[in-house]
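A structural walkthrough
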Amino acid sequence: MSNLSAYILNGCTKIVHTILPHHCALCGAGTLNRLLCTACDADLSHYLAPACPVCALPTPSGQVCGACLQHPPAFDRTLAAFSYHFPIDRLLHAFKYSGNLALTEILAKPLAQLAAHHPKPDLLMPMPLHPGRLKERGFNQSLEIAKPISRWLGIPLTADLCQRMRDTPTQAGLKWKERRRNVRGAFTCDLDLTGKTIAVLDDVMTTGATLNEISRILKSQGASEVCAWVVARTPHQS
Ligand SMILES: [Zn+2]
Ligand SMILES: [Zn+2]
């Protein structure tokens, strides 16, 4: 796009923003040029409860949880910006299913702020979406969230480190062992990742089985550390 047409488009967008009233993406209340009203913004519950450093499930004093001690996952740590409940669940849903990409920054910023307090990985990789799912949705939600984080924190973004061979739809209701079996062979990677530290970004971490499988593959290619970066973590192993 030429500078002039970008200038005109930008100007038109500003005019539309000024004329049309803004509504909070969550409660519909009027806002002043913002996606969320002040009340909803304050309501966004950050994930501050003490949690297992490996899987981010709440533990009384932030110690490693029993499940991680019993079956250590392939990822080394998890950073979760939010607990997966209202209102973040609604925002994520709107972002993912109605393609409301304007919500990207609201979802990405708290995760970037959290990650800035941790060691910087060599690479940031969004959870790959199966090509069929990508075609259906039109975008990879994890890639969209990873883009600004990569920019803000100065971490190279590598969207095609692994390929997703299979879609693994429903994990709910499956036992841990079945979940692990369900995701086996879901990804392939043929790159040499010797000594690399990698952060895998996903929008929501529910059982951790998919993140576990991709971490297993990355480590089998030589990655020395894999960290899960998620916008929201379900508070229970459901
Ligand atoms: Zn609101
Ligand atoms: Zn744990």
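Residues numbered from 1 in each chain as written. Chains lettered and ligands numbered in written order. Predicted model: local features only at pLDDT ≥ 70, side-chain atom pairs only at ≥ 80, totals over all residues. Heavy atoms only, no water.

1. What to know about the packing of aromatic side chains
Taken as a whole and assessed by the stated rule, the structure comprises one aromatic pair. Above the ring of W152, the side-chain terminus of K109 is found at 5.1 Å from the ring centroid. (Phe/Tyr/Trp six-rings, centres within 6.5 Å; stacked < 30°, edge-to-face > 60°. Lys NZ or Arg CZ within 6 Å of the ring centre and 35° of its normal.)

2. Focus on the environment of R184
Take R184: it is sitting in the loop between α8 (176-183) and β6 (187-188). By relative accessible area, R184 is classed as partly exposed at 47%. R184 sits 16 residues away from T168 along the chain, and the two C-alpha atoms are 9.5 Å apart. Residues contacting R184, with those up to four places away along its chain left out, are R166, E213 and R216. (Helix = DSSP H or I, 4+ residues; strand = E, 2+ residues; numbered from the N terminus. Buried < 20%, exposed > 50% of the residue type's maximum accessible area, 1.4 Å probe, protein only. Contact = heavy atoms within 4.5 Å.)

3. Section: the confidence of the model for the protein chain
A low pLDDT means the predicted coordinates there should not be read in detail. Averaged over every residue, the pLDDT of the protein chain is 85; the share at 70 or more is 86%. Within the protein chain, helix α1 (residues 3-19) has the poorest average pLDDT of any element, 49, and strand β4 (residues 123-126) the best, 98. This stretch, residues 12-19, has a pLDDT under 50; its non-local contacts, to residues over four places away or in other chains, come to two contacts. (pLDDT = per-residue confidence, 0-100.)

4. A short note on unusual backbone geometry
Positioned with a positive phi, A56 is a non-glycine residue whose angle comes to about 70 degrees. When you line up the elements, A56 lands in the loop between α2 (38-43) and α3 (66-70). Relative accessible area serves as the criterion here: at 3%, A56 is assigned to the buried category.

5. Points about the nonpolar core
Nonpolar side chains tend toward joint burial in soluble globular proteins. Counting 34 residues, the largest nonpolar core has L91, L124, I149 and W229 as its most contacted members. Taken together, the elements giving at least two residues each to this core come down to β3 (77-83), α4 (88-97), α5 (104-115), α7 (141-153), β7 (197-205) and β8 (225-233). Residue contributions to this core peak at six residues, all from α5. Taken together, domain 1 (1-43) and domain 2 (45-233) each give at least three residues to this core, which thus spans both. Not counting the four nearest positions on each side in its chain, L91 is found in contact with A25, L26, L36, L44, L103, I106 and L107. Counting residues in each nonpolar core, the second largest holds 29 residues, with F75, L193, L211 and I217 among its members. (Core = buried A, V, L, I, M, F, W, Y, C linked by side-chain atoms within 4.5 Å. Domains from an automatic or database assignment.)

6. Details of the pattern of salt bridges
With the rule as written, the count across this model stands at seven salt bridges. A salt bridge links R184 to E213; its shortest N-O distance comes to 3.8 Å. With R184 in the loop between α8 and β6 and E213 in helix α9 (residues 209-220), this residue pair connects regions lying 29 residues apart in the sequence. With a relative accessible area of 2%, E213 lands in the buried category. Between E213 and R216 there is a salt bridge, with its nearest N and O atoms 2.9 Å apart. Pair noted here: E213 and R216 are both in helix α9, with a separation of three residues, about one helical turn. What you see here is one network of salt bridges that share partners, running through R184, E213 and R216. (Salt bridge = Lys/Arg side-chain N within 4 Å of Asp/Glu carboxyl O.)

7. Details of the coordination of the zinc ion (ligand 2)
Here the zinc ion (ligand 2) is held by the protein donor atoms C52 (SG), C55 (SG), C65 (SG) and C68 (SG), which lie 2.3 to 2.4 Å from it. Classification of the site at the zinc ion (ligand 2) rests on its four donor atoms, whose angles at the metal span 106 to 116 degrees, yielding the label tetrahedral. For the zinc ion (ligand 2), the donor residues sit on a single chain with the sequence spacing C-x2-C-x9-C-x2-C. C68 carries the same exposure label as C65, and that label is buried. (Donors = N, O, S within 2.8 Å, 3.2 Å for Na, K, Ca; no water. Tetrahedral: all angles 85-135°; square planar, octahedral: opposite > 155°, others 65-115°.)

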